[in-house]
Amino acid sequence: MIYSLAVILIFLGFLAYSSSRYAMKGIDNTSFDQVLFTMTQPIRGSDTGQIINYFVDPLLEALLITLPIVTLLYFATTCTFEFGHFHLQKQPHFSAKKVVIIGLLGLIFGIFLGGKEMGYADIKAFYFENTNIYDEHYVNPQQVDLKFPKKKRNLVYIYLESMESSYFSKDLGGIQENNLLPHFADLAQNEGINFSNSNKLGGMLQIPGANQTASSMVAQTSGLPLRPSTSLNSSESDEENSAEYFPGAYALGEILDEQGYNQTLLMGSEAEFAGRDKYFTQHGDYDIRDYHWAVDTGRISEDYYEWWGYEDRKLFDYAKETLNELSQEDEPFNLTMLTADTHFEDGYATEETPDLFGDQYSNVIHDSDRQVSQLLEWMKKQPFYEDTTVILVGDHLTMDSDFFESVDPEYQRTVFNLFLNADKQGVRNKKREFSAVDMFPTTLSALGVKIPGNRMGLGVNLFSNQSTLIEQLGYDQFQNELMKKSEFYNEKLMQNKEQEEDP
């Protein structure tokens, strides 16, 4: 029993190491806060392939490291060896205490190596350092006197999974030899507005708390990064769906709901993954149309499950249906969508995906560009388009671990964005440093809303001349501050507790 305990301790230590190594090296563009956020969420609705990869990679690695060590420990505690002689001992010469100590040392050593992979600076900042960034810079959206135009504009907000500006060709500002996003490039150069970190086509900088899909969706619609917390655990049943999700945040959906908008969230995956259903129903009363909705309405069969639920080709067909429904109502509408085909690893390809570049991920990215542009062309022919602003935006940088292996480390990868039909002139959209939190006030401005002060949450309206917090503080400092603890964030935003007045 003592030996078995030591084996378990050693295995757990090296499992911590191999898991950390897998998260930081096997998945591209991962940070400590992102790993924590994922660990606090249930796995329901996630891609089973990623779960299988965990068993194949870090678990197997931990077993292979542990096996020779515990074998040596076994022989060291049960055998003696003299030159020319080898035999089992009746009484092992190592005491039980020493065996347990060896097990504990294995556990501690593995955790130490895991911490090294995660980054001690990030761990230290997350647990032991404090920031005043929210106290000093947060603007409560409920206290901003927003002025909507007399004729309210519709909104179509499309989150594009893992969509980077780096997918453009080098001459356009990307890092690819071939332009994977020809339609987006044409729209950005000739029709819409692309906010860029350079003089060419570019995008927004990724920050902690907005570096995976759910947290980026929250940041872009509330102006706040989403820090990991067990209070965000999404429900596994409808009965538990009343639990509060980020109760102190005041989001885009709530603002539009108060203005009479009909709002729908459309996605091909399961909305409960990472609590997305909670966030959008509690912060805007969205009608959720996800994988379960498609099954329940008979659009797909109960046993149909591809990739994360159903593929984007179906998503765009359902988007047309939904837009036709919403446009028949008297109220303005907000359709928010999330694509999934470009998710790592290598994306989702079908027989209809053209093979133009020799690797699947490039083909899938290029095909996503084509499918989105086809939806846009359809929308332009509809009566509602004249009064509709369309926003295309990536959720985060790709996590495909091998797609950017040969990229120049000096190249700044950014998340793609494009504003269409926003009726804005003379916009300073080049050489801007901004992040997901700035999308919140910028989206409202794109709808023609007047924002006194041009600031909401931690975000700044990019259509104004105001400097973003990244431009004021610098990218590195802004990132560092977001990794730290904040009493204001935990009490006022995460728990929505009223702060005591200063005597």
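Everything quoted here is computed from the prediction, not taken from an experiment. (Residues numbered from 1 in each chain as written. Predicted model: local features only at pLDDT ≥ 70, side-chain atom pairs only at ≥ 80, totals over all residues. Heavy atoms only, no water.)

(A) Seen up close, helix 14 (residues 439-446). Burial analysis of helix 14 places 8 of its 8 residues in the buried class, which makes it a mostly covered element. Considered for burial, the residues of helix 14 that qualify are Met439, Phe440, Pro441, Thr442, Thr443, Leu444, Ser445 and Ala446. Looking one or two places after helix 14, you find glycine 448, whose phi comes out positive at around 90°. (Buried < 20%, exposed > 50% of the residue type's maximum accessible area, 1.4 Å probe, protein only. Helix = DSSP H or I, 4+ residues; strand = E, 2+ residues; numbered from the N terminus.)

(B) Up close: the pairing of strand 9 (residues 415-420). By the criterion of burial, strand 9 is predominantly enclosed, with 6 of the 6 residues buried. Alternating positions in strand 9 separate into two faces, Val415, Asn417 and Phe419 on one and Phe416, Leu418 and Leu420 on the other, with burial throughout. Across 2 bridges, the pairing between strand 4 (residues 203-204) and strand 9 is antiparallel. If you follow methionine 204 over to strand 9, its bridge partner there is valine 415. Of the strand pairs in this sheet, strand 8 (residues 388-394) and strand 9 are connected by 4 bridges, and their pairing is antiparallel. The residue bridging valine 390 from the neighbouring strand is leucine 420, located in strand 9. (Pairing = 2+ DSSP bridges.)

(C) Molecular detail of the nonpolar core. Judged by nonpolar contacts, the single largest core of 66 residues is most densely connected at Tyr134, Leu146, Phe246 and Leu444. Excluding anything up to four places from it in sequence, tyrosine 134 contacts Leu224, Pro225, Leu458, Leu482, Ser486, Phe488, Tyr489 and Leu493. Counting 48 residues, the second largest nonpolar core, distinct from the first, contains Leu266, Tyr291, Phe404 and Val407. (Core = buried A, V, L, I, M, F, W, Y, C linked by side-chain atoms within 4.5 Å. Contact = heavy atoms within 4.5 Å.)

(D) Up close: a nonpolar patch on the surface. A contiguous nonpolar surface patch, about 280 Å² in accessible area, is contributed by Leu60, Leu63 and Leu64. Residue position: leucine 60 is located in helix 3 (residues 48-78). (Patch = residues over 30% accessible without salt bridge, like charges linked within 9 Å, V, L, I, M, F, W, Y side chains within 5 Å. Areas by Shrake-Rupley, 256 points an atom, 1.4 Å probe, with all protein chains shown as cover. Salt bridge = Lys/Arg side-chain N within 4 Å of Asp/Glu carboxyl O.)

(E) Quick look at the packing of aromatic side chains. This structure, assessed with the given rule, holds 25 aromatic pairs. Between the aromatic rings of phenylalanine 195 and phenylalanine 463, the centroid separation amounts to 5.2 Å while the plane-to-plane angle is 70°, which identifies the pairing as edge-to-face. Residue phenylalanine 195 is located in the loop between helix 7 (182-190) and strand 4, and its partner phenylalanine 463 is located in the loop between strand 11 (459-460) and helix 15 (469-473); the two are separated by 268 residues in the primary sequence. The same class applies to phenylalanine 195 and to phenylalanine 463, which are both buried. For the ring pair tyrosine 310 and tyrosine 318, a centre distance of 5.2 Å and an interplane angle of 75° mean the geometry is edge-to-face. (Phe/Tyr/Trp six-rings, centres within 6.5 Å; stacked < 30°, edge-to-face > 60°.)

(F) Structural view of the pairing of strand 7 (residues 333-338). Among the 6 residues of strand 7, 6 are classified as buried, and the element is accordingly described as predominantly covered. Across the two faces of strand 7 the burial is the same, with Phe333, Leu335 and Met337 and Asn334, Thr336 and Leu338 all buried. Two elements, strand 3 (residues 154-160) and strand 7, share 5 bridges in a ladder whose sense is parallel. Residue pairing across strands places tyrosine 157 opposite threonine 336, the latter belonging to strand 7. Where strand 5 (residues 262-267) meets strand 7, 6 bridges bridge the pair, whose relative direction is parallel. Bridged to methionine 267 within strand 7 is leucine 338.

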